[in-house]
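Residue-level structural notes
Okay, here's what each chain looks like letter by letter:
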Amino acid sequence: GIQVEQSPPDLILQEGANSTLRCNFSDSVNNLQWFHQNPWGQLINLFYIPSGTKQNGRLSATTVATERYSLLYISSSQTTDSGVYFCAGGTSYGKLTFGQGTILTVHP
Amino acid sequence: NAGVTQTPKFQVLKTGQSMTLQCAQDMNHEYMSWYRQDPGMGLRLIHYSVGAGITDQGEVPNGYNVSRSTTEDFPLRLLSAAPSQTSVYFCATDRGGEQYFGPGTRLTVT
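Description of the structure in this document. The shown structure was predicted, so the numbers you read here are calculated from the model rather than taken from an experiment.

**Section: the overall build of chain A**
The helix and strand tally for chain A stands at 0 helices and 11 strands. Of the regular secondary structure in chain A, the N- to C-terminal order runs β-β-β-β-β-β-β-β-β-β-β. Against the compact-globule benchmark of 13 Å for 108 residues, chain A has a radius of gyration of 13 Å, which places it among compact chains. By its C-alpha atoms, chain A is 40 × 25 × 20 Å across when sized along the principal axes. Here chain A has roughly 5200 Å² of accessible surface; of this, 49% comes from carbon and sulfur atoms. If you average the places of the 5 positive and of the 6 negative side-chain charges in chain A, the two averages end up 9 Å apart.

**Here's the deal with the interface of chain A and chain B**
Residue-level contacts link 16 residues of chain A with 17 residues of chain B. Overall, the association of chain A and chain B removes approximately 1500 Å² of surface from exposure, summing both partners, and the carbon and sulfur fraction of that is 57%. On the chain A side of the contact with chain B, Leu 43, Tyr 93 and Gly 94 of chain A bury the most area, a combined 36% of that side's loss. For the interface between chain A and chain B, the tally reads 0 salt bridges.

Parameters at a glance
- For every chain, the first residue of the written sequence is number 1, and numbering continues from 1 along that sequence.
- Note on labels: chains are lettered from A, ligands numbered from 1, in written order.
- With pLDDT at 70 or above as the cut-off, local features in this predicted model cover only qualifying residues; side-chain atom pairs require 80 or more to be listed or tallied, and sums for whole chains, interfaces and linings still use all residues.
- Calculation of side-chain values draws on the structure's entire complement of heavy atoms; hydrogens and water are dropped beforehand.
- A run of DSSP states H or I qualifies as a helix once it reaches four residues; a run of E qualifies as a strand once it reaches two. Both are numbered from the N-terminal end.
- When we talk radius of gyration, it's over C-alpha atoms, and the globule rule is simply 2.2 Å times the number of residues to the 0.38.
- Only the protein chains shown count as cover for residues, and the accessible areas themselves come from Shrake-Rupley with a 1.4 Å probe.
- Counting rule for charge: Lys and Arg are taken as positive, Asp and Glu as negative, and neither His nor the chain ends is counted.
- By convention, the charge on Lys lies at NZ, on Arg at CZ, on Asp at CG and on Glu at CD.
- For this analysis, residues touch if any pair of their heavy atoms sits within 4.5 Å.
- Computed with a 1.4 Å rolling probe, the buried area is the accessible surface lost when two parts are put together, summed over both parts.
- Salt bridge, as used here, is a side-chain nitrogen of Lys or Arg placed within 4 Å of a carboxyl oxygen of Asp or Glu.

Set out below in C-alpha cells:
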C-alpha cells in the first residue's frame, strides 16, 4: 500500500512565525488532503489538493504530483494553530492513508 | 445540518464483549469510512463504503464488521472486544474529495 511520510514530526514556534510542513508519498495519489486535529481531538479538513496550489487565509498548500510530495505553509502563526497536522492520500475517495502527523506548538 | 454524528462518545468494555459504534450523516455523501487512531499514530482505515450496500476492508479490518443499509448510517461492530482495540474511533464521510470527520468515540477495553 501507499506509504506517507511527514516531516518534521514536531515543530515549536513563537507566535507570528512562519512554517512549512512536508508530506512525501511512496506512490502516486489522486486524492490528497491536509487535516488539522485540534487539542480537543477534532479533525478538520484544510485542503483537498491532489495537484497545484491553494490558499485559505494564512494557510496555503502546494502539491507537486509528479514528484509525489505536498507542502503546507502556515504564515503568521497563532496559538490557535497548535495541534497535529496530518496529510493523507489515496487513489480513490473514502479510502485514505494517513501520515504520522506533525505536532505543532505555537507559544504566545 | 448536524454533519457527521457518532455515538457513544465514550465506552468501556470488558474483553469478549461486543458492541456497535454508531455513525450517521445528513449530508447525503456516498462515501463513508471508519478509522482508528492510537496514541502517537496517524489514523488507520478499518472499513469503508462507496454507497449503500457496498463495503470493503481497509488496512486493519480484523475484529470489526460493517454494513451500509442506508446512505445515512454506517455502524461499526466489534465482535469480541480485545484490549488491542482500545483506541479512538472516527467515522468520516467524503463527498468526492473532502473528508468530514465525526467527533470520535473513545473506547477502552479492559
